[in-house]
Amino acid sequence: MKRTHQKRRSSWIDVTFSIAIIALTVSAIYLFSLSNKNEAATLSEKKQTATPTPVVIDTIDSHYPGIKIITETSNDVHSPFAIQYPQSLHRAFNDDISLYIKNAKQNYLTKMDENKKHGSKLKGELNISFKTLSHHSGNYSFVLVNSRATSNTIRTTEIRSFRLNPETGEGLSIADVFERNPKHLETLSSLVREALYNDPKLADSLLPEEVQLHTEPIWENFNNFAITDESITFYFDEYELTDGVAGPVIAAIPYSNVNSLLSDNFKLAVEDKDENPPNADSDNNGTEGNSTTPPSKETESTTDQGVDNNELTEELDSGIKQVALTFDDGPDPKVTMQILETLNKYDAKATFFMLGSRVEYYPEIAKSVQEAGHELGNHTWNHPDLTKAGMEKIRNEIDKTSSMIENVTGQQATAFRPPYGAVNETVRSQSNLPIILWDVDTLDWKHRDSNKLLTNVKSMTKNGSIILMHDIHQSTADGLDSVLTYLQSEGYTFVKVSELQ
Ligand code: ZN
């Protein structure tokens, strides 16, 4: 009796509990789905109200095994940026670089937002590019140059180096290189000071107390460095050693001066040293005075006014319709190659305005463009807004790129297109190549939609037009076929910019 009673009561409790649990679960699911809906709703509202700032992120392989190049670009009217940085197969290294990039970008965008709030309409600029230097120990040094302008007068340049052994994933500190030996550190300190005081460019700007402080024999003072088989180079910030006018300070110590102080992995066998040809690094300083000859006068006079199409159109009323296709910001191993194929299909010749930094990374692709018979144009080394740069920087951006193009392809760049189409008198005075802009912008960088590549081409192209596209977006390569079909059906022939009559 007792037992059945208990049994009955417990099954009653079971039922009540089950109902309660089911009810609770159902209402919890309901509430959860509600809150999710709300979140989704606010998210999509946010998406709709925020002004779209297209940031284009590309990942490509570098020709260093295991190293990829990430490119982030934004053509935002107020705060554009162009950022390039390396990533590897190793988490710690990747995190280090990503954090640096994230902060650099955030600082810039915050500053630009503040300016905007204070009513400034000035366009800023953030450019981060890098070069890769290798050392016989298997270590790579990645040297990032971060150049930023948040107003017409405030421009800063910073150099940051990161080192990696791509096989082990280990970083490399200056102490590792110098056996962690305090005596070697003392010698290093005095060698760097000597290099600084012997640099004629720094003669008037070094601040002795600052130099003393930042080159004291402390390992941390020397951790912004790059190592090649020729030298160990140290980087200091703009205002660290000088009043900042000269920009970041670079002190290179020749390998022969430190070889005996280095850990075994880093020592070079002395008899090898003289036989080693200087590596690619020395190109950076050595190419300025080379044999780049100015373009023929003919090219210059016909294309200098490349955007003045009224005259051109009149001249060309003879019946031939011409259009110049131009591709900027490459070369790119995938997109450029696909574009070459499509152009070949239509027997079309085009002009490629290349970035020197990318020609350096993809020499074979640049060479393929040249071999396919297209025209090579100069689009600067790393895409700065030249109207914000000094004369020397402009020259350097143009000359270095022309040299790279010629060295890699054996052919000279015949035209120059300033990034963003930004030109002023200084830029004009520094370019010995005809400056070529455009009159039809496909806006391919913005919509990144192969179906939209034709829209502006249809509505704006006329005889003598110069059409702007970018050979770094897959959508451009995919949409090109229909652009060529259309233009061909309209009776246009495709010519290089220097052939436009
Ligand atoms: Zn460009």
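Since this is a predicted model, take the numbers as computed values, not measurements.

1. Quick notes on the side chain of Asp-385
And then number 1: With respect to the element layout, Asp-385 can be found in the loop between β12 (375–378) and α15 (391–409).
And then number 2: For Asp-385, the side chain forms a polar contact with the side chain of Thr-387, separated by 2.6 Å.
And then number 3: Setting aside residues no more than four positions away along its own chain, Asp-385 makes contact with Lys-123, Glu-125, Tyr-420 and Ala-422.

2. Here we look at the sheet that holds strand β5 (residues 140–149)
Paired through their backbone hydrogen bonds, the strands of a sheet run either parallel or antiparallel.
And then number 1: Ordered by their spatial adjacency, six strands build an open sheet running β1-β2-β3-β4-β5-β6, and the pairing between neighbours is mixed. The strands lining the two open edges of the sheet, one partner per strand, are β1 (55–61) and β6 (155–164). Put simply, the sheet's adjacent strands are angled 20° from each other on average, direction ignored.

3. Observations concerning the packing of helix α12 (residues 335–345) against helix α19 (residues 474–489)
And then number 1: As a packed pair, α12 and α19 sit with axes 9 Å apart at the nearest point and diverge in direction by 10°. In terms of orientation, α12 and α19 fall into the roughly parallel class. Between α12, through Val-335, Gln-338, Ile-339, Thr-342, Leu-343 and Lys-345, and α19, the contact on the second element is made entirely by Gln-474, Ala-477, Asp-478, Leu-480, Asp-481 and Leu-484.
And then number 2: Each residue belonging to the contact of α12 with α19 can be placed in one class, and the counts come to six nonpolar, three polar and three charged.

4. Regarding the pattern of salt bridges
And then number 1: On inspection of all chains with the given rule, the structure shows 19 salt bridges.
And then number 2: In the salt-bridge network here, residues are joined through shared partners; they are Glu-158, Arg-160 and Asp-237.

5. Remarks on the confidence of the model for the chain
And then number 1: Within the chain, residue pLDDT values average 82, and 80% of them lie at 70 or more.
And then number 2: Low pLDDT (under 50) marks residues 1–8, which in the prediction has zero contacts with non-local residues, meaning those over four places away or in another chain.
And then number 3: When the criterion is pLDDT under 50, residues 34–50 qualifies, and its contacts beyond four places in sequence or with other chains add up to zero contacts.

6. A word on the coordination of the zinc ion
And then number 1: Surrounding the zinc ion are the protein donor atoms Asp-329 (OD), His-379 (NE2) and His-383 (NE2), at 2.1 to 2.2 Å.
And then number 2: We note that the donor set of the zinc ion lies within a single chain, spaced as D-x49-H-x3-H. Note that Asp-329 is positioned in the loop between β10 (321–328) and α12 and His-383 in the loop between β12 and α15, a separation of 54 residues in sequence. Across the pair, exposure class does not vary: Asp-329 and His-383 are buried alike.

7. Describing helix α4 (residues 182–197)
And then number 1: Look at α4: 23 Å from first C-alpha to last across 16 residues, which is about the 22 Å you get at 1.5 Å a residue.
And then number 2: Residues His-184, Leu-185, Leu-188, Ser-189, Leu-191, Val-192, Arg-193 and Leu-196 constitute the buried set of α4.
And then number 3: Where α4 begins, the capping side chain belongs to Asn-181, and its oxygen is found 2.8 Å from the backbone nitrogen of Lys-183.

8. A look at the nonpolar core
And then number 1: Core analysis: the largest hydrophobic core is formed by 42 residues, its most contacted members being Leu-325, Phe-327, Leu-343, Phe-352 and Leu-487.
And then number 2: Looking at this core, the element that brings in the most residues is α19, giving six residues.
And then number 3: Apart from the residues within four sequence positions on either side, Phe-327 is in contact with Ile-339, Leu-343, Ala-350, Thr-351, Phe-352, Phe-353, Met-469, Asp-471 and Leu-480.
And then number 4: The next biggest cluster of nonpolar side chains, apart from the first, holds 30 residues, and it includes Leu-172, Phe-222, Val-258 and Leu-261.

9. Overview of the packing of aromatic side chains
And then number 1: Tallied over the entire structure, the rule returns eleven aromatic pairs.
And then number 2: Pairing Phe-93 with Phe-142 gives two aromatic rings, centres 5.3 Å apart and planes at 50°, and the pair type is tilted. One end of the pair, Phe-93, is in helix α2 (residues 91–117); the other, Phe-142, is in strand β5, and 49 residues separate them in sequence.
And then number 3: For Phe-142, a relative accessible area of 0% puts it in the buried group.
And then number 4: Across from the ring centre of Tyr-420, 4.7 Å away, lies the NZ or CZ of Lys-123, which sits over that ring.
And then number 5: In this structure, Lys-321 packs its charged tip against the face of Tyr-492, placed 4.6 Å from the ring centre.

10. A look at the pairing of β10
And then number 1: The element β10 is extensively covered by neighbouring structure, given that seven of its eight residues are classed as buried.
And then number 2: In this structure, β10 lies alongside strand β16 (residues 492–495), joined through four bridges in parallel fashion. In the strand pairing of β16, Val-323 is matched with Phe-494.
And then number 3: Relative to strand β15 (residues 465–470), β10 is paired through six bridges, and the arrangement is parallel. Bridge assignment links Asp-328 to a residue of β15, and that residue is His-470.
And then number 4: Direction of pairing for β10 relative to strand β11 (residues 351–354): parallel, over a ladder of three bridges. Paired with Phe-327 across the strands is Phe-352, a residue of β11.

Criteria and cut-off values
- Residues numbered from 1 in each chain as written.
- Predicted model: local features only at pLDDT ≥ 70, side-chain atom pairs only at ≥ 80, totals over all residues.
- Heavy atoms only, no water.
- Helix = DSSP H or I, 4+ residues; strand = E, 2+ residues; numbered from the N terminus.
- Polar contact = N/O pair within 3.5 Å; in protein donor to acceptor, adjacent residues only side chain to side chain.
- Contact = heavy atoms within 4.5 Å.
- Pairing = 2+ DSSP bridges.
- Axes fitted to C-alpha atoms, helices over the stretch in contact; angles between N-to-C directions.
- Parallel < 35°, antiparallel > 145°, perpendicular 65-115°, else oblique.
- Nonpolar A, V, L, I, M, F, W, Y, C, P; charged D, E, K, R; others polar.
- Salt bridge = Lys/Arg side-chain N within 4 Å of Asp/Glu carboxyl O.
- pLDDT = per-residue confidence, 0-100.
- Donors = N, O, S within 2.8 Å, 3.2 Å for Na, K, Ca; no water.
- Buried < 20%, exposed > 50% of the residue type's maximum accessible area, 1.4 Å probe, protein only.
- Expected span 1.5 Å × (residues − 1).
- Core = buried A, V, L, I, M, F, W, Y, C linked by side-chain atoms within 4.5 Å.
- Phe/Tyr/Trp six-rings, centres within 6.5 Å; stacked < 30°, edge-to-face > 60°.
- Lys NZ or Arg CZ within 6 Å of the ring centre and 35° of its normal.

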